[in-house]
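Listed here are the chains, written in short residue letters.
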Amino acid sequence: MRLGLTPAFLVKIVSSVVLIPARSVHKSELVKMKLLTHNMLTSKSMKGVTVGYPLGINVVDIKVTEVDFNPEFISRIIPKLDWSVLWKAADTIGQLDDLPKELSQEYENDNDFLKKVHHVLLEVDIVNGELVCPETGRKFPINNGIPNMLLNEDEV
Amino acid sequence: MHLQTAEYDLSSHADVYEPSEDSFLFLDALEEEFGNLVDLKPLNIVEIGSGSGVIITSLAKALKNANFFAVDINMSACKATQMTGELNATAIQPLCMDLLGQFKENMFDVIVFNPPYVVTDSEELCGNGINRAWAGGKDGREIIDKLLPKIPNILSCKGIFYLLLLKENKPKEVIDFMFTLGFAHKIIKERKLLGEYLYIVKFNK
Ligand SMILES: C[S@@+](CC[C@H](N)C(=O)[O-])C[C@H]1O[C@@H](n2cnc3c(N)ncnc32)[C@H](O)[C@@H]1O
């Protein structure tokens, strides 16, 4: 570990990974908070909280970006999701469109459906807002797409 | 397939760990593991303590069709990771979090952790600044030891956990403990770098 003392050239010599500068293929933007991420978060680790799921969402602003659609990939994500939580989150932030409330059985071949899931999971971003513990009301701020989930010592 | 090191620029993030020999050793190890990672078809990949974001972004550039997450206890590091993702046109979800404390169980197929491993006084484990990049407390193991018992619940059943350890961290103890949790290990890399003897260890079931 280098605590700010090692000359940079040494680091390159000892590394066998070739340092090739990356070319940005297309202009991208800072990644914000996805509903996929919301679907995976809980406040269960807080003192006194038993389930802590799903977290509430208060939105200040959202952003919609186009992401390449890969139906096979979306089909692989779906079994890992809590569908009703995703549905409710999409509804909360006004991006429900006509996403069905119930997950259909044969979604793998339903391209239209997968496209809608793709949109709410990966194309809709929360930029600023907060996540809320359903049991304690504790708020976790989201600033510029980064949720701050840190707890104080007396909360764990 | 070659694992290209992601481009990064920490000029506006002075309080973030600058990628060093340990970071690059980790990248070497992941390059060696690349075939296994592709075969695993991981869905969710997370780096704990992403710092600049160089490791998770390099992975994201090379592996397609996975979701990439990065947590750090230092908000500046989260911002740096977000920027590094952008610089390399990859999508990394940054979160400011203590280890993986607020994720639901069994969400990740791959966990990568270059931890704060330097042996220090326990008192140095305070605040959320740059000191958290290296301060490891007793045996340099305090943060590592907080994470290990949680790995079985965090990792999916086919999942892989990659961890960097320093000789002073007593790797054998870590390996033995993980064994009691049902994990096999493999040392992917070991190297003496600038006076530190480092290991990259892979754990899976
Ligand atoms: C040795 S640095 C590694 C940075 C980067 N991954 C690299 O390899 O260059 C360790 C990182 O872990 C972060 N960290 C320390 N304790 C943590 C914790 N409890 N939870 C999350 N991140 C933590 C530090 O802020 C720092 O960014």
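By the naming in an unreviewed UniProt entry, chain B is HemK methyltransferase family member 2, taken from Nicrophorus vespilloides.

Under an unreviewed UniProt entry, chain A has the name Multifunctional methyltransferase subunit TRM112-like protein and belongs to Nicrophorus vespilloides. Chain A has a UniProt comment under Sequence similarities (unreviewed entry) that states "Belongs to the TRM112 family."

With that out of the way, let us pick up helix α4 (residues 75-87) of chain B. With 13 residues, α4 of chain B extends 18 Å from end C-alpha to end C-alpha; this agrees with the ideal 18 Å at 1.5 Å per step. Considered for burial, the residues of α4 of chain B that qualify are S76, A77, C78, A80, T81, Q82, T84 and G85 of chain B. Looking at the buried side of α4 of chain B, the elements it contacts are β5 (146-147) of chain A together with α3 (54-62), β2 (67-72) and β3 (92-96) of chain B. Here α4 of chain B starts with a cap whose side-chain oxygen sits 2.9 Å from the backbone nitrogen of S76 of chain B, and that cap is N74 of chain B. Just downstream of α4 of chain B, A89 of chain B is the residue with a positive phi angle, here 50°.

Before going further, it helps to examine the packing of aromatic side chains. Applying the stated rule across the entire model yields seven aromatic pairs over all chains. Summarising the aromatic geometry, the rings of W83 of chain A and F113 of chain A are spaced 5.6 Å apart at their centres and angled 40° between planes, so their arrangement reads as tilted. Here the residue W83 of chain A occupies a position in helix α4 (residues 83-92), and F113 of chain A occupies one in helix α5 (residues 111-123), the gap between them amounting to 30 residues. A relative accessible area of 4% means that F113 of chain A is categorised as buried. Both rings, one in F161 of chain B and one in F203 of chain B, keep their centres 5.8 Å apart while their planes meet at 25°; by these two values the pair is stacked. Here F203 of chain B lies in strand β7 (residues 196-204) and F161 of chain B lies in strand β5 (residues 155-166), a separation of 42 residues in the sequence. Owing to a relative accessible area of 0%, F161 of chain B belongs among the buried residues under this scheme.

Parameters and conventions
Residues numbered from 1 in each chain as written. Chains lettered and ligands numbered in written order. Predicted model: local features only at pLDDT ≥ 70, side-chain atom pairs only at ≥ 80, totals over all residues. Heavy atoms only, no water. UniProt positions renumbered as here; feature names shortened; annotations may be inferred. Helix = DSSP H or I, 4+ residues; strand = E, 2+ residues; numbered from the N terminus. Expected span 1.5 Å × (residues − 1). Buried < 20%, exposed > 50% of the residue type's maximum accessible area, 1.4 Å probe, protein only. Contact = heavy atoms within 4.5 Å. Polar contact = N/O pair within 3.5 Å; in protein donor to acceptor, adjacent residues only side chain to side chain. Phe/Tyr/Trp six-rings, centres within 6.5 Å; stacked < 30°, edge-to-face > 60°.

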